[in-house]
Amino acid sequence: MRRPVAGPGRAVDGDPDTSWTAPDPVTGARGTLTLDLGTPRTVDRVRLAEDIRHGQQVEQAVVEAETDGGWTRVAETGTIGASRVLLLSAPVTARHWRLRVLATRERTRIARFELHRSRP
């Protein structure tokens with residue numbers, strides 16, 4: 001029996017007890033979590049966190065921003081675990097951002113997908 005997938009809003013709601021749950025990795029869908037900020041925002045750091053109550057599952061992931069009509073890879077990581085901060089090589093301004101999980105051991109559960117600007 002399949003369990004319902006937890007919605008993407010759970011990765012950005014600020015509640016440490018909720019998380020976005022990707023589709024079952026057995027189906028081949030590793031998971032893509034897309035954010036629409038409403039307006040473009042400049043970002044130079046991304047914080048990711050798995051719902052560690054279910055163990056560390058992500059083995060490879062990328063963060064992309066939609067710029068000039070296409071998706072551009074702005075950061076990548078191996079594992080995420082309880083918390084991973086990714087520093088972008090340069091600030092990126094975009095309205096749409098996404099996390100693509102490329103490899104995972106089991107079902108992916110993302111507790112945090114935060115976008116930050118450290119300096120004006």
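Refer to the preceding data block for the structure.
This structure is a prediction, so every number in the text was calculated from the model and none was measured. (Residues numbered from 1 in each chain as written. Predicted model: local features only at pLDDT ≥ 70, side-chain atom pairs only at ≥ 80, totals over all residues. Heavy atoms only, no water.)

Student: What am I meant to see in the overall build of the protein here?
Tutor: The secondary structure content of the protein amounts to 0 helices and 6 strands. Moving toward the C terminus, one meets the helices and strands of the protein in the order β-β-β-β-β-β. Here the protein, with 120 residues, has 40% of them falling under the buried criterion. Counted over contacts in the protein with a minimum sequence separation of 6, partners at least 24 positions apart contribute 74%. When the accessible area of the protein is evaluated, it comes to approximately 6,600 Å², of which 47% is carbon and sulfur surface. (Helix = DSSP H or I, 4+ residues; strand = E, 2+ residues; numbered from the N terminus. Buried < 20%, exposed > 50% of the residue type's maximum accessible area, 1.4 Å probe, protein only. Contact = heavy atoms within 4.5 Å. Areas by Shrake-Rupley, 256 points an atom, 1.4 Å probe, with all protein chains shown as cover.)

Student: Help me understand the environment of Thr79, please; the structure alone is not making it clear to me.
Tutor: Here Thr79 shows up in the loop between strand 4 (70-77) and strand 5 (84-104). Once residues lying within four places of it in the same chain are set aside, the contact partners of Thr79 are Gln56, Val58, Glu59 and Arg84.

Student: I tried to follow the pattern of salt bridges on my own but got confused; where do I start?
Tutor: Oppositely charged side chains can form a pair if their charged atoms are brought close together. Applying the stated rule across the entire model yields 8 salt bridges. With a closest N to O distance of 2.7 Å, Arg53 and Asp51 form a salt bridge. The shortest N-O distance in the salt bridge between Glu114 and Arg112 comes to 3.8 Å. Residue Glu114 is classed as partly exposed on the basis of its relative accessible area of 22%. Taking relative accessible area as the criterion, Arg112 reaches 10% and is therefore assigned buried. Several salt bridges share partner residues, and in doing so they unite Arg47, Arg112 and Glu114 into one network. (Salt bridge = Lys/Arg side-chain N within 4 Å of Asp/Glu carboxyl O.)

Student: For this particular structure, what's the right way to read the side chain of Arg98?
Tutor: For Arg98, the location among the structural elements is in strand 5. What Arg98 contacts, discounting residues up to four positions off in sequence, is Thr32, Leu33, Thr34, Val62, Val63, Glu64, Trp71 and Phe113.

Student: In this structure, what is going on with the environment of Arg95? I would like to understand it.
Tutor: Topologically, Arg95 is positioned in strand 5. Taking relative accessible area as the criterion, Arg95 reaches 35% and is therefore assigned partly exposed. Contact partners of Arg95, with chain neighbours within four places excluded, come to Leu35, Asp36, Leu37, Gly38, Thr39 and Pro40. A polar side-chain atom of Arg95 sits 3.5 Å from the main-chain carbonyl oxygen of Gly38. (Polar contact = N/O pair within 3.5 Å; in protein donor to acceptor, adjacent residues only side chain to side chain.)

Student: Sorry if this is basic, but what is going on with unusual backbone geometry here?
Tutor: Negative phi is the rule for most residues except glycine; trans is the rule for most peptide bonds. Although it is not a glycine, Asp68 sits at a positive phi angle of roughly 50 degrees. Looking at where Asp68 falls in the secondary structure, it is placed in the loop between strand 3 (58-67) and strand 4.

Student: Would you mind going over the nonpolar core with me for this structure?
Tutor: One recurring pattern in soluble globular proteins: nonpolar side chains tend to sit buried together. Val46, Leu48, Val63, Leu88, Trp97, Leu99 and Phe113 are the most contacted members of the largest nonpolar core, which has 22 residues in total. Among the secondary structure elements, those contributing two or more residues to this core are strand 2 (32-50), strand 3, strand 4, strand 5 and strand 6 (109-116). With 7 residues, the top contributor of residues to this core is strand 5. Among residues more than four places away in sequence, those in contact with Leu48 are Val63, Ile80, Ser83, Arg84, Leu86, Leu99, Arg112 and Phe113. (Core = buried A, V, L, I, M, F, W, Y, C linked by side-chain atoms within 4.5 Å.)

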